[in-house]
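Summary of structural features
Chain residues, written in single-letter form:
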Amino acid sequence: MYTAHPDRYADMPYRRTGRSGLKLPALSLGLWHNFGPDRPAETQRAILRRAFDLGVTHFDLANNYGPPPGAAESALGTALKADFGPYRDELVISTKAGYLMWPGPYGEWGSRKYLLSSLDQSLARMGLDYVDIFYSHRYDPDTPLEETMGALHAAVQQGKALYVGVSNYSPEQTREAARILADLGTPLLIHQPRYSMLDRRPEEQDLLATLDELQVGSIVYSPLEQGLLTGRYLDGIPEDSRAASDSPFLNSDAVTEELVGRLRALDEIAKSRGQTLAQLALAWVLRGGRVTSALVGASSPQQLEDTVGTIRNLDFDAEELARIDAIVQP
């Protein structure tokens, strides 16, 4: 029987999400790639247990995470039943709907029909009565935003979600979503954009500034840029890496000699800070407290422990930030 570590809250910093009362750990666990039938169930449970012991109280999912779609939620459901029954009120569990989940006209995008049906399915897979955060996973250009946001509001009204968020929305779409939700009485809690040292669109497109203005939290995905910022590619492309596979998210053409040179230069900065390249990249997105939390994945408890080591040094001086900018944006 799993018993959580008594000092699990001793080291992890927790950050307030926008203007809400909800705090999230600086690092949250994303169940995107490593939770499904192709991974040993005991390893998955061990990762979740170790995460909680280290103060990682937030587990982030979507209906289509796996593979196959739904597998990550089912895996979490198994672990919740086996290990986390006494700790449900200490966990923040989120899920999303928006991408293709089942065939036919009602299996994706942002209709009320799809979003609420998907949420019911997600709750059944996880064995939960409610999720803490329910997201619209992407903006639907063919459905009125009032309908999509109305479905999120309905999930809260029905007691199936405590808070709501959006992901992959532009600043303008986010602003309108926040307005609609405010009128309904369900505030927009959080936005989940892609953001890393190598992908600065949330800065360049003023999304982070918009979230600051709206007092909406942010939790960023792919802060390690699909593994490029983990140090795995400092000597080229390993045979067992994502870039060497048929992954649609990273291919070998992206790992150029110029990029490897930049990664090596970033690694030197990381070493000077007593960090790995991955720890440097995570600390960078969390710098200054502007981002509420960064989503990380893990294929083993040890990898997760190394990642959580990031929290030992989250501060940068102006010279370090300038050096990083000179490398990434020459």
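The structure displayed is predicted, hence computed values, not measured ones. In every chain, residue numbers begin from 1 and rise along the written sequence. Where totals are concerned, whole chains, interfaces and linings use all residues; where local detail is concerned, this predicted model gives features only for residues with pLDDT of at least 70, and gives and counts side-chain atom pairs only at 80 or more. Each side-chain value is worked out from all heavy atoms of the structure, with water and hydrogens disregarded.

**Quick word on the overall build of the protein chain**
Secondary structure elements are taken from DSSP: a helix is a run of H or I of four residues or more, a strand is a run of E of two residues or more, and numbering for both begins at the N terminus. A count of helices and strands for the protein chain gives eleven helices and ten strands. We compute the radius of gyration over the C-alpha atoms and compare it with the globule rule, which gives 2.2 Å times the number of residues raised to the power 0.38. Relative to the globule expectation of 20 Å for 330 residues, the C-alpha radius of gyration of the protein chain, 19 Å, shows essentially globular dimensions. Taking the principal axes of the C-alpha coordinates as reference, the protein chain spans close to 50 × 50 × 40 Å. Only protein chains enter the calculation, and the probe is 1.4 Å; a residue is then buried if its accessible area is under 20% of its type maximum, exposed if over 50%, and partly exposed in between. Looking at the protein chain residue by residue over its 330 residues, the buried ones come to 54%. On the protein chain, roughly 14,300 Å² of surface is accessible, and the fraction owed to carbon and sulfur atoms is 48%. The charge count treats Lys and Arg as positive and Asp and Glu as negative. His and the chain ends do not count. Here the site of a charge means atom NZ of a Lys, CZ of an Arg, CG of an Asp or CD of a Glu. Within the protein chain, the 44 negative side-chain charges are centred at a point lying 4 Å from the centre of the 32 positive side-chain charges. All accessibility values rest on the Shrake-Rupley procedure with a 1.4 Å probe; residue burial counts only the protein chains present in the view.

**Describing the environment of Val308**
Secondary-structure assignment places Val308 in helix 10 (residues 301-308). Between the alpha carbons of Val308 and Leu277 there is a distance of 13 Å; along the sequence they are 31 residues apart. Contacts: residue pairs with any heavy atoms within 4.5 Å of one another. If near-sequence neighbours (up to four positions away) are discounted, Val308 is found in contact with Met12, Leu27, Leu54 and Val56.

**Considering the packing of aromatic side chains**
Planes of paired rings set the category: under 30 degrees apart is stacked, over 60 is edge-to-face and the rest tilted, where pairs are Phe, Tyr or Trp rings (Trp by its six-membered ring) whose centres lie within 6.5 Å. Scanning all chains against the criterion turns up ten aromatic pairs. Relative to Phe84, the ring of Phe52 has its centre 5.7 Å away and its plane inclined at 80°; by these criteria the two rings are edge-to-face. With Phe52 in helix 1 (residues 41-53) and Phe84 in the loop between helix 2 (71-83) and strand 5 (92-97), this residue pair connects regions lying 32 residues apart in the sequence. Joined through ring pairs, the aromatic side chains of Tyr2, Phe52, Phe59, Phe84 and Tyr87 make up one cluster. Should the NZ of a Lys or the CZ of an Arg lie within 6 Å of a ring centre and within 35 degrees of the ring normal, that charge is described as sitting over the ring. Its end group placed over the ring of Phe316, Arg273 keeps NZ or CZ at 3.9 Å from the ring centre.

**Describing the side chain of Asp83**
Here Asp83 shows up in helix 2. Under the rule applied, a polar contact is a pair of N or O atoms within 3.5 Å (in protein, one hydrogen donor and one hydrogen acceptor; residues adjacent in sequence only if both atoms are side-chain atoms). One polar contact links Asp83 to Arg45, side chain to side chain, over a distance of 2.8 Å. A polar side-chain atom of Asp83 sits 3.2 Å from a polar atom in the side chain of Arg49. The residues touching Asp83, leaving out its near neighbours within four places in the chain, are Tyr2, Arg45 and Arg49.

**Focus: the sheet that holds strand 4 (residues 58-60)**
In this description, strands pair whenever DSSP reports at least two bridges between them. Strand order in the closed barrel formed by eight strands is 3-4-5-6-7-8-9-10, with parallel pairing between adjacent strands. Between one strand axis and the next, the sheet turns by 30° as a mean value, whatever way the strands run. Axes here mean lines fitted to C-alpha atoms, for a helix over just the part in contact, with angles spanning 0 to 180 degrees between N-to-C directions. Sitting on the sheet, helix 9 (residues 277-286) touches strand 3 (27-30), strand 9 (217-220) and strand 10 (293-296), and the angle it makes with strand 10 is about 150°.

**Here we look at the pairing of strand 10**
Looking along a regular strand, one sees the side chains alternate between the two faces of the sheet. Both faces of strand 10 are covered, namely the face carrying Ser293 and Leu295 and the face carrying Ala294 and Val296. As judged from the three bridges shared by strand 3 and strand 10, these two strands associate in the parallel manner. Pairing of Leu27 across the sheet is with Ala294, part of strand 10. Alignment of strand 9 against strand 10, held across two bridges, turns out to be parallel. Directly across from Val220, in strand 10, lies its bridge partner Ala294.

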